[in-house]
Amino acid sequence: MSRVLSSVSWLFFGQVGRIASQLVGVSVIARLLTPADFGVIAIALMVSNLAGLLRDMGTGPAAIRSPDGSARFLGGIYSVQLVIGLILAAALLLLAQPLAGFYRVDALERVLIIFSVVFPVSALGGVHLIVLERAQRYRDISAIDLLAYVGGLLVAVALASAGIGVESLAAQAVVSAALQTVLQRRAAGMVLRPTHPRHARSAAGGSLAVTSFHLMNYVVRNSDTGVAGRLASADFVGAYSMAGRIAQMPTQLIGMLVSRVSVPMLSAEGLDRDTLAHNAQRMIAGTLLASALVCLVLVALRQTVTALLFGAQWLDAVPPQLVWLLPAAALTSTSAVVVGVMTAFGATVALTRTGALSAIAHALALLAGLSVDVRWLPASILASALMALGIALLQLRAVQADRSMPPVRLMPLVPVVLLLIACALWSDTLFLAAAASEPVRQIGLELLEAGAVALLLSALAAGQWRAWRRRPTLDPESAPERKTA
C-alpha cells in the first residue's frame, strides 16, 4: 500500500499543478470567448473522445499487465497504434463537414479538422508512455502531463487574446499532444521500431473487452452532450460544458489518480486475497469520501466559484447545473476507481457487463429527464451516475466472490452517497430562494450551507475511520480456503 501512496503522491502533485494551470487558463479564456464557443468545443471533444478510445484498441492497459516487455512486443503495439492513429485522422477529416451540418454549427468543421492532427501525433508516443507506466515512473509521467498541458494552454490563451476564437481551444489540444509525445519519447530513452502486429498478440487477449467497456462508458459520459448539442442552443451546451469543467476538475483528479495506479499495484504477484480486498476497499471508500468533501464544498460555494472562475456573465446559467453535476462527478470518480480495481483483477467479462448495464441505465435516466425538458439534463446525469456506481460495485462483489475474496463492503459507502443526493436536492431549493435575494443574502446562504456541509462531513469522516482501518475477512466457513492470489 505504501507503493500505491507514493505513486498517488507523484500523480497528485502533478495533477494539482495541471488543475491550477487549467483554472487560471479557463478563467482567462472564459472572458475572451463566448458560451457558444465553448458549446462548439464541447461537441468537438465529444467526437474526438470517441476516436481517442479507439486510438490503441485497449492494448495499453493489456501491455502494462503483460509480462512480455521485449522490443518485438512493444514494436508490434507501436505499429498498431500508428495505423489506428492515421485511420482515425482520416475518418475525422471525412466526417467533419457532415457532423457540422448535423449540429448546425459551421465552426465545428474547422475545429474537427484541427483535432484530427492529435491522433497520429499521440500515436508516436503511446508506447513510450506504456514503458514509463510499466516502470512506475509516475514522477516523470506527472511532470510530462503538466508541462504539455501548460504549453498548450499558453498557446490557447495567446490565440484567444488575438481574437482567433474557438479554434484557439482546438490548437491547445494539438500543441499539448505534440509536447507530450516529444517528452514521453525523451523520458523513455528508447528507440522503437515498428514490427509486425502479430508480435503484440499477447496484449490482444483482454484488449477487445477493455475497448468494448470504454466504448459503452463513452456512451454514458458523452451522449448528454450529443443530445444537448442537437436539441438545445450552443449557448446552453457551453454553460453545461463549463459547469462540467468545474465538477470534473477536482473529482476526476481523485478518481484518475487512484484508478491509474490500481492496475499495476493490484496486479502485483504475491499479494494474498485479504490484502487485495483490503486495498481495494480503501481505494474505493477513500475516493468516495474525498470526492464528496470537495464536491459538497463547491456546491455550497457555487455562485462565488462561478463568478471568480468565469465572470459574472456565467452566473445565470452555470450554478443551477452545478448542484446536480458536482454530486454526479463525485459518484463517477468512485465508479472509475471500481472499474480500475476490476481491470487490475483482469475481470474483462465483468467490465463488459458493467459497461453494458451502465449504458442502459444512462439511456433510461436521459430519456426520463429529456421527456420533461432539456433543462433537466443535469439531474438525469446524477441519477445515471448513481445507478452506474451501484452496478459497478455489485459487479466487483461478484468478481470477488468468484475468486474467494472478501467482498467490498457497501454499508460504509451508503451514508456518503445519501448525503450527496440530499445535498443536490437541498442546494437546488436554496438556489431558488437565493436567486430572488440580494447579493449579501446570497453570500450568507453560501456560508451557512458551507458550514453545515463541513459539520456533516466531519461527523461522517469520524464514523468512516473505523471502517477504513478494518480489514475485510472471509466468512468463517471459507476462511481455510485462502490462498495466494
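We now examine the overall build of the protein chain. The number of helices and strands found in the protein chain is 18 helices and zero strands. The burial tally for the protein chain puts 53% of its 485 residues in the buried class. Long-range contacts, defined here as pairs at least 24 residues apart, represent 86% of the contacts in the protein chain between residues at least 6 apart. Accessible surface for the protein chain amounts to roughly 20,900 Å². Of this, 66% is attributable to carbon and sulfur atoms.

Enumeration according to the criterion identifies four aromatic pairs in this entry. Look at F38 and W314: their rings are 5.8 Å apart centre to centre, the planes differ by 80°, and that puts the pair in the edge-to-face class. With F38 in helix α2 (residues 35-53) and W314 in the loop between α13 (302-310) and α14 (319-344), this pair connects stretches of sequence that are 276 residues apart. One exposure class covers both F38 and W314, and it is buried.

This part takes up a nonpolar patch on the surface. On the surface, a nonpolar cluster with roughly 230 Å² of combined accessible area is contributed by V24, V28 and L32. Mapped onto the elements of the fold, L32 is located in the loop between α1 (2-29) and α2.

A word on the confidence of the model for the protein chain. Predicted confidence across the protein chain gives a mean pLDDT of 76, with 73% of residues reaching 70 or more. The secondary-structure element of the protein chain with the lowest mean pLDDT is helix α18 (residues 439-469), recorded at 53, while helix α5 (residues 107-115) shows the highest, at 91. This stretch, residues 432-441, has a pLDDT under 50; its non-local contacts, to residues over four places away or in other chains, come to three contacts. In the predicted structure, residues 472-485 sits below a pLDDT of 50 and forms 25 contacts with residues beyond four places in sequence or in another chain.

To continue, consider the nonpolar core. General note: in soluble globular proteins, nonpolar side chains tend to be found buried as a group. Ranked by size, the top nonpolar core spans 105 residues in total, and within it L108 and M342 carry the most contacts. Of all the elements, α14 adds the most residues to this core, at 14 residues. If sequence neighbours within four positions are ignored, L108 has contacts with V40, I43, A44, L99, A100 and Y103. F73, I77, V131 and L192 belong to the second largest nonpolar core, which has eight residues in total.

Moving on, we come to the environment of L146. Here L146 is to be found in helix α8 (residues 138-161). A sequence separation of 125 residues divides L146 from S21, and the C-alpha atoms of the two residues are 8.6 Å apart.

Calculation criteria
Residues numbered from 1 in each chain as written. Predicted model: local features only at pLDDT ≥ 70, side-chain atom pairs only at ≥ 80, totals over all residues. Heavy atoms only, no water. Helix = DSSP H or I, 4+ residues; strand = E, 2+ residues; numbered from the N terminus. Buried < 20%, exposed > 50% of the residue type's maximum accessible area, 1.4 Å probe, protein only. Contact = heavy atoms within 4.5 Å. Areas by Shrake-Rupley, 256 points an atom, 1.4 Å probe, with all protein chains shown as cover. Phe/Tyr/Trp six-rings, centres within 6.5 Å; stacked < 30°, edge-to-face > 60°. Patch = residues over 30% accessible without salt bridge, like charges linked within 9 Å, V, L, I, M, F, W, Y side chains within 5 Å. Salt bridge = Lys/Arg side-chain N within 4 Å of Asp/Glu carboxyl O. pLDDT = per-residue confidence, 0-100. Core = buried A, V, L, I, M, F, W, Y, C linked by side-chain atoms within 4.5 Å.

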